[in-house]
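The chain contents come next:
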Amino acid sequence: TLPEAKRRSFLMKHIWGGNPGKDWNRALETVYANRKEFRTPREQLIRVIRSLDPDLFDGIIELGTGNGWFLNRLSKKMARKLPLTGLDLNRQTILRARAKYVKNKSLRFLCSDLPRFAIHNALRHKLLVTCFVLEYFSRSELRGLVNLLKSHAPCTLAILERVRSSDHKNKSSF
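Residues numbered from 1 in each chain as written. Predicted model: local features only at pLDDT ≥ 70, side-chain atom pairs only at ≥ 80, totals over all residues. Heavy atoms only, no water.

A.B. asks: Just checking my understanding: could you explain the pattern of salt bridges for this structure?
C.D. replies: One side chain can pair with another of opposite charge once the charged atoms of both are near each other. Evaluated as defined, the whole model comprises three salt bridges. Asp 58 is the salt-bridge partner of Lys 126, the closest N and O atoms lying 2.7 Å from each other. Of this pair, Lys 126 sits in strand E4 (residues 126–131) while Asp 58 sits in the loop between helix H3 (36–51) and strand E1 (59–63), placing them 68 residues apart in sequence. Under the relative-accessibility criterion, Asp 58 is labelled partly exposed at 39%. Among the salt bridges present, the one from Arg 116 reaches Asp 113, with a minimum N-O distance of 3.2 Å. By relative accessible area, Arg 116 is classed as partly exposed at 42%. We classify Asp 113 as buried; its relative accessible area is 12%. (Salt bridge = Lys/Arg side-chain N within 4 Å of Asp/Glu carboxyl O. Helix = DSSP H or I, 4+ residues; strand = E, 2+ residues; numbered from the N terminus. Buried < 20%, exposed > 50% of the residue type's maximum accessible area, 1.4 Å probe, protein only.)

Following this line, the structure appears as structure tokens:
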């Protein structure tokens, strides 16, 4: 019920950027290690990314990188070495991912959202990846993401999200 700007500010400060976000990402580390249903769809996404035309992109950016597991795994599976950047709103989570994957020199983890990142970094010819993150975006934020990507075209977006058929019945698109 909050206006969009206040909603986003609250989420950034108190949820994803705060202790709940840090705790969520720390808890997911054991989930990735122990539960196949979390790894399997991400492994399928890695196969899709590997099948893409290599001329489509010259780097990969993950939105909502969390503990960095996906980017680290992707870096090991890619035939060619590319710069891989993980963005997350939670500073403690980013520091933890940096420490955990310090030996993987192709990885870079930044505490940022995509609009702030795009101010100083090109998105052209990048593959943007998101795994179960866009479900937390409002319609307005999704529109903003689409417009941002349009303004930096060409770029490619690979999305892994939950979709239920009931979500699409009698609903208008954004």
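A.B. asks: Hey, could you run me through the packing of aromatic side chains in this one?
C.D. replies: Summed over all chains, the structure comprises one aromatic pair. In this arrangement the basic side chain of Arg 80 is found over the ring face of Phe 57, its NZ or CZ atom lying 5.3 Å from the centre. (Phe/Tyr/Trp six-rings, centres within 6.5 Å; stacked < 30°, edge-to-face > 60°. Lys NZ or Arg CZ within 6 Å of the ring centre and 35° of its normal.)

A.B. asks: Got a minute to help me understand the side chain of Asn 104 in this structure?
C.D. replies: You can see Asn 104 is positioned in the loop between helix H5 (91–100) and strand E3 (107–111). A polar contact is formed between the side chain of Asn 104 and the side chain of Asn 72, at a distance of 2.9 Å. Discounting residues that sit within four places of it in the chain, Asn 104 has contacts with Asn 72 and Ser 75. (Polar contact = N/O pair within 3.5 Å; in protein donor to acceptor, adjacent residues only side chain to side chain. Contact = heavy atoms within 4.5 Å.)

Everything listed here is a matter of coordinates, which is why it stays silent on function.
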